[in-house]
Amino acid sequence: MSRYITITLVKRGVSCRARLLDDEAPRTAEAVWNALPQEGQAYHGKYARNEIYNLVPAFAPQEPGYENTTITPIPRDVCYFSFSATELGNPGYGYRTGEGGDTDQNIVDLAVFYGRNNLLINGDRGWIPGNVFAEIEDGFTEFAAACQDLWMNGVAGETLRYERA
């Protein structure tokens, strides 16, 4: 039986529903499922192009490791990235105090890809493979439009929430 999550841009009041990829990414899907709900400041990708994400404290008792990875996510992909407490500390990333590499704890990046031509490469680290753990099945068109609005009009005050559907 399939499991689903709801992904919401809270301020904009727009949600979509994604199916967990339990067969392709079982460890990641289980780790995320067990840690829901998760909510945090929304960001729009700087390097990857058509990506929105949030950063939350690491939540898995044991990191899932790489599975169902990609460096070229496609629209509707929902990805999991894990970073150490210092990996996002470069001032060039633009995070405010307490958001990036100065949190003294490992960080999970939960990301939604809403357009094509994404490439997960970082000037400091090189390729950044992400675990594709879910795929958006419902509400994508409206959600993608809200993501584009984040790019054009800013993310200030917006939060991204993941919860069980």
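Residues numbered from 1 in each chain as written. Predicted model: local features only at pLDDT ≥ 70, side-chain atom pairs only at ≥ 80, totals over all residues. Heavy atoms only, no water.

Novice: Even after reading the chapter, I still don't get the nonpolar core, so can you show me in this structure?
Specialist: Generally speaking, soluble globular proteins have nonpolar side chains that are buried together. Core analysis: the biggest nonpolar cluster contains 37 residues, and Ile5, Ile7, Phe59, Phe133 and Phe143 have the highest contact counts within it. Once you skip the residues sitting within four places of it in the chain, Ile7 turns out to touch Val14, Ser15, Cys16, Ala18, Val78, Val112, Phe143, Leu160, Arg161 and Tyr162. Ranked by size, the runner-up nonpolar core spans 15 residues in total, among them Leu21, Ala48, Cys79 and Ile107. (Core = buried A, V, L, I, M, F, W, Y, C linked by side-chain atoms within 4.5 Å. Buried < 20%, exposed > 50% of the residue type's maximum accessible area, 1.4 Å probe, protein only. Contact = heavy atoms within 4.5 Å.)

Novice: Help me understand unusual backbone geometry in this model?
Specialist: Note: most residues except glycine have negative phi, and most peptide bonds are trans. Here the bond from Leu36 into Pro37 is cis, since omega is 5 degrees, no more than 30 degrees from zero. By the secondary structure assignment, Pro37 is in the loop between helix H1 (26-35) and strand E3 (38-41). Positive phi values are uncommon outside glycine, yet Arg76 reaches one of about 90 degrees. Tracing the chain through its elements places Arg76 in the loop between strand E6 (69-70) and strand E7 (77-83). (Helix = DSSP H or I, 4+ residues; strand = E, 2+ residues; numbered from the N terminus.)

Novice: Where do I start with helix H2 (residues 140-153) in this structure?
Specialist: Within an α-helix, residues lying three or four positions from one another point in the same direction, as the helix has 3.6 residues per turn. Taking 1.5 Å of rise per residue, 14 residues should cover 20 Å, and H2 covers 19 Å from first to last C-alpha, within 8% of that figure. The set of residues buried in H2 consists of Phe140, Phe143, Ala144, Ala146, Cys147 and Leu150. Around the axis of H2, the buried residues are gathered within 160 degrees of arc, so they sit on the same side. The exposed set on the far side of H2, more than 90 degrees from its buried face, consists of Thr141, Glu142, Met152 and Asn153. Residue Gly154 follows H2 closely and has a positive phi angle near 100 degrees. (Expected span 1.5 Å × (residues − 1). Arc of directions from axis to C-beta.)

Novice: Please clarify how the pattern of salt bridges should be interpreted in this entry.
Specialist: Any two side chains of opposite charge can pair if their charged atoms end up close together. For the structure on display, the rule yields 10 salt bridges. Put simply, Arg12 and Glu158 hold a salt bridge, and the shortest N to O gap is 2.8 Å. In this pair, Arg12 sits in the loop between strand E1 (4-9) and strand E2 (14-20) while Glu158 sits in the loop between H2 and strand E12 (159-164), placing the two residues 146 residues apart along the sequence. Residue Arg12 is classed as partly exposed on the basis of its relative accessible area, which comes to 24%. The partner of Arg19 in a salt bridge is Glu135, with the nearest N and O atoms 3.4 Å apart. In this pair, Arg19 sits in strand E2 while Glu135 sits in strand E11 (residues 130-138), placing the two residues 116 residues apart along the sequence. Under the relative-accessibility criterion, Glu135 is labelled partly exposed at 30%. (Salt bridge = Lys/Arg side-chain N within 4 Å of Asp/Glu carboxyl O.)

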